[in-house]
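Residues per chain, in single letters:
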Amino acid sequence: MDNFDKDGIDEIFKKLNCSADGLTSDEASRRISQYGPNEVIAKKQSKIIKFLKKFWAPIPWMLEITILITFFLGKYSDMYIILFLLIFNSIISFTQESKADNAVELLKKKLSVQARVLRDKQWQLVEARMLVPGDIVHIRLGDVVPADIKIIDNQVEIDQSALTGESLSVNKKINDLVYSSSIVKRGETTGIVVATGKNTYFGKTTELVEMANTKSHIEELIMGIVKELIAIDTLLVLALVVFSFFTHVNLSDVIPFALVVLIASIPVALPATFTIAMALGALHMSKRGEIVTRLSAIEDAASMDTLCMDKTGTITEDKLTLNVPKVYSSDEEKLLLYASYASERESQDPIDNAILDFAKSKNIEPDYSKRIKFTPFDPSIKRTEAVINDGEKEIHIVKGAPQVIKSLSKNVPESYDDDINKFSLQGFRLISIAYGENDLTVAGLIPLYDPPRKDSKELISELKALSISPVMITGDNRLIAEEVAGEIGLDKELCDVKNIKSSNAGIKNCSIFAEVFPEDKYYIVKALQKSKKIVGMTGDGVNDSPALKQAEFGVAVSTATDVAKASASVVLTHPGLTDIVDGVKSGRRIYQRMLTYTLNKIIKTIQVAFFLTLSFFIVRFFVTTPFDVILLLFANDFVTMSIATDNVSYSMRPEKWKVKSLISSSAILASLLVIEGFVFLYIGLYYNLTVNEIHTFIFDMLVFSGQFTVYMVRERKRFYQSRPGTILMLSSVIDIIVISSFSYYGILVSAIPLTFVIASVAITFVWMVFMDTIKNVVFKHYKL
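Described in the following lines is the structure provided in the data block. (Residues numbered from 1 in each chain as written. Predicted model: local features only at pLDDT ≥ 70, side-chain atom pairs only at ≥ 80, totals over all residues. Heavy atoms only, no water.)

### Thoughts on the packing of aromatic side chains
The geometry of an aromatic ring pair comes down to the distance between the two centres and the angle between the two planes.
Next, step 1: Summed over all chains, the structure comprises 24 aromatic pairs.
Next, step 2: Aromatic pair Tyr-341 and Tyr-368: ring centres 6.1 Å apart, planes at 85°, arrangement edge-to-face. Placement of Tyr-341 in helix H12 (residues 332–341) and of Tyr-368 in the loop between helix H13 (350–361) and strand E14 (371–378) is noted, with a sequence separation of 27 residues between them.
Next, step 3: Ring geometry for Tyr-686 versus Tyr-687: centroids 5.1 Å apart, planes at 80°, classification edge-to-face.
Next, step 4: On the basis of relative accessibility, which here comes to 53%, the residue Tyr-686 falls in the exposed class.
Next, step 5: Tyr-687 gets classed as exposed once you look at its relative accessible area, which sits at 51%.
Next, step 6: A network of ring pairs unites the aromatic residues Phe-680, Tyr-682, Tyr-686, Tyr-687, Phe-697 and Phe-756 as a single cluster.
Next, step 7: The cationic tip of Arg-371 hangs over the ring face of Phe-374; the distance from NZ or CZ to the ring centre is 4.3 Å. (Phe/Tyr/Trp six-rings, centres within 6.5 Å; stacked < 30°, edge-to-face > 60°. Helix = DSSP H or I, 4+ residues; strand = E, 2+ residues; numbered from the N terminus. Buried < 20%, exposed > 50% of the residue type's maximum accessible area, 1.4 Å probe, protein only. Lys NZ or Arg CZ within 6 Å of the ring centre and 35° of its normal.)

### Digging into the pattern of salt bridges
Pairing between side chains of opposite charge can happen when the charged atoms of each approach one another.
Next, step 1: Overall, the coordinates contain 21 salt bridges when judged by the stated rule.
Next, step 2: A salt bridge links Arg-30 to Glu-27, with the nearest nitrogen and oxygen atoms 2.8 Å apart. Of this pair, Arg-30 and Glu-27 both sit in helix H2 (residues 25–35), separated by three residues, roughly a single helical turn.
Next, step 3: Note that Lys-393 is salt-bridged to Asp-390, the shortest N-O span being 3.3 Å.
Next, step 4: On the basis of relative accessibility, which here comes to 31%, the residue Asp-390 falls in the partly exposed class.
Next, step 5: Beyond isolated ion pairs, a larger network of salt bridges with shared partners links Glu-27, Arg-30 and Arg-31. (Salt bridge = Lys/Arg side-chain N within 4 Å of Asp/Glu carboxyl O.)

### So, the side chain of Ser-340
Next, step 1: Locating Ser-340 in the fold gives a position in helix H12.
Next, step 2: With a relative accessible area of 0%, Ser-340 lands in the buried category.

### A look at the sheet that holds strand E5 (residues 156–159)
Next, step 1: An order of E6-E5-E8 is seen for the three strands of this open sheet, with the pairing classed as antiparallel. Looking along the sheet, the strands with just one partner apiece sit at the ends: strand E6 (170–172) and strand E8 (183–186). Neighbour-to-neighbour, the strand axes of this sheet turn through a mean angle of 45°, independent of strand direction.
Next, step 2: By the bridge criterion, three bridges tie E5 to E8 in an arrangement that is antiparallel. Across the sheet, the residue bridging to Glu-157 is Arg-186, located in E8. (Pairing = 2+ DSSP bridges. Axes fitted to C-alpha atoms, helices over the stretch in contact; angles between N-to-C directions.)

### Here's the deal with the packing of H12 against H13
Next, step 1: Direction vectors running N to C along H12 and H13 enclose 140°, while the axes themselves pass 9 Å from each other. By the angle between their axes, H12 is oblique relative to H13. The handedness of the crossing between H12 and H13 comes out as left-handed. Contacts between H12 and H13 involve Glu-332, Leu-336, Ala-339 and Ser-340 from the first element and Ile-355, Leu-356, Phe-358 and Ala-359 from the second.
Next, step 2: Looking at the contact of H12 with H13, its residues break down into six nonpolar, one polar and one charged. (Parallel < 35°, antiparallel > 145°, perpendicular 65-115°, else oblique. Left-handed = near helix turned anticlockwise from the far one by under 90°. Contact = heavy atoms within 4.5 Å. Nonpolar A, V, L, I, M, F, W, Y, C, P; charged D, E, K, R; others polar.)

### Let's talk about helix H26 (residues 726–745)
Residues spaced three or four apart along an α-helix point in a common direction, a consequence of the helix completing one turn every 3.6 residues.
Next, step 1: Between its terminal C-alpha atoms H26 stretches 28 Å, which fits the 28 Å expected from 20 residues at 1.5 Å a residue.
Next, step 2: When H26 is considered as a whole, its buried residues turn out to be Leu-728, Ser-731, Ser-732, Asp-735, Ile-736, Ile-739, Ser-740, Phe-742 and Ser-743. Taken end-on, H26 shows its buried residues confined to a sector of 160°, consistent with a single buried face. Exposed side of H26, more than 90 degrees from the buried face: Leu-730, Ile-737 and Tyr-745 are the residues found there.
Next, step 3: Positive backbone phi, approximately 75°, marks Gly-746, located one or two places after H26. (Expected span 1.5 Å × (residues − 1). Arc of directions from axis to C-beta.)

### Examining a nonpolar patch on the surface
Next, step 1: Nonpolar side chains collect at one region of the surface, where Leu-68, Phe-71, Phe-72, Tyr-76, Tyr-80, Leu-83, Ile-87 and Ile-91 lie side by side and expose about 820 Å² of accessible area between them.
Next, step 2: Within the residue set of the nonpolar patch, elements represented by two or more residues are helix H4 (58–72) and helix H5 (76–109).
Next, step 3: Examining the composition of the nonpolar patch, we find that five residues originate from one element, H5, more than from any other.
Next, step 4: Structurally, Leu-68 is set in helix H4. (Patch = residues over 30% accessible without salt bridge, like charges linked within 9 Å, V, L, I, M, F, W, Y side chains within 5 Å. Areas by Shrake-Rupley, 256 points an atom, 1.4 Å probe, with all protein chains shown as cover.)

Structure below.
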């Protein structure tokens, strides 16, 4: 790499064969071919290694141990089936994870970092990866520096802590190098790109969105549930082994069966089901304007019960608007004309723009040829000044803060202070105008306000309907905050952030934080989390990044800086926050699908383990075979993966996993299925079915009851209240037809008469209808 650090700007222009006018599009295309894209291709793990890792985890280990035991016991048919299950599960998991990874990568591309570059002598936005050495770029506050850049004008403050470990920002001036991936903390500048991609000083460019490897909270909880189920099954298996020993049952028959019962407790399809559900949810949200950068954020959206929102730009328009001015010593037209002379478009100052727009709407156009002097706004004196010549005399005009203008004016109306207080109580920001040849006279007050977005009131209403507490955070004063809160229907429970830093007491009731510094948002989020809240946070600026990272559900709005987007788990592409409501609803729908799968898995695990064990104690033979239990995993677990696409409604309250309630309610419903199993066993014995036929008859019962249980637990009311998803219904129909055919024709199982196959379907359906009534009582009691 050339030593651009010591080279002067002219020397760099010469080396890179470019100028301050930038490159042409054709030249940029040629240089892309020469230097390559402005990115560092991350080393990706081999697909073969990824696939092989599917065989190295707790679930595959249990299957692999079972394969070895069945091999040594000479149970080769069982061994081949379990081996097939292991490979099939690995292929399904690998395929679905690859699809999810590809989907997230596509979403990340929608959030590619944009750079302001001078091409064909025009400033334009291009993807940062398309920058080449010799490009002229412009960076400003909040930008992630897209390449190594030599500054050619102004100076900026740069945070390069992520690259160098320096805790303090550094100032960069003309002729200094700014490194790729550092962050602009203050100021703006233009520079020339000297290195891109792997040739940058640190050998990498910024990734806007990093896929967080955050472990899913839901998966942790469910794996915890499964551990408890395996513990229960282990006790049953030990009891089974002990009983077999004393009753002289061959252990070579018991051990494979016991292992298979344990395997039935393992959520083989769980990771793939969750991944599919969340990936589909992320794609749905992207179509609605929400780009998900971390799949687990969908879970957090379902659990969120508090949403902290910036007032400016999210709740409000972030555009100052004039109200009716208060006129004193002149008419409204003259007041607006004088205010326009003391304003200018070039500064792009929000107050100046608001005044000029309002004046234009009143057909008031100042003749700037009469303005002979103009002094832009200076924060140190808090005013703007102008001098005009109306053809007869020179008039001095000042525009600024009311108290500043009062101190400069000789003629001030008696009601001036009272008028200021009245406007302030209504939440207006005030600008005062004074004019005169020698002594200044106050011409009037111009009230300004940032009006709420048209959809803000509806947003607050929807959030409350979803049992989410909206919290408004603003740097404006308390009066303005309360006025805006009143307009949008937000509770006026105002809290002082200073008290929150010292104590969390009462924060649960806070709905407004006023006079807040950007860095205070982090402490507000932390305090809410300490009070057991699941917090969402919206932001757009550099200083919002800590709060966005701290919150469970960080949302960067459409106008957010690159740094804010990088810190968030969801990025909105439409103005405002109404898309968040859709995100919450999507998250809660996905939760319902996961809950259906989990309930079904727990119920089936308890049913299979207890029924098979208890029935053995009673009839002294296994009522189904290890092979049948393995086949049951295919017939139920993998078919119920289609739950990920089910048509479900969302809850009107935040979703939280209640482990004890899940296990307790599942145990009650599973006990009814155990009774159902004994009904089937009684029928088989009563009609003198052979042991092999009983195996098939019980196998059919387990498969069909498993399918119908899904339709029972997917709905919190009666099972027929909502239409299931098409894919789910189709999967169930195919499953029932296939298993019925296997049972009738004796494929992989012993054949049984068609009447018993039909009876299996009919009895399990009627039993589900009977259980559905009890389910409603159970779910209501455990608040599921």
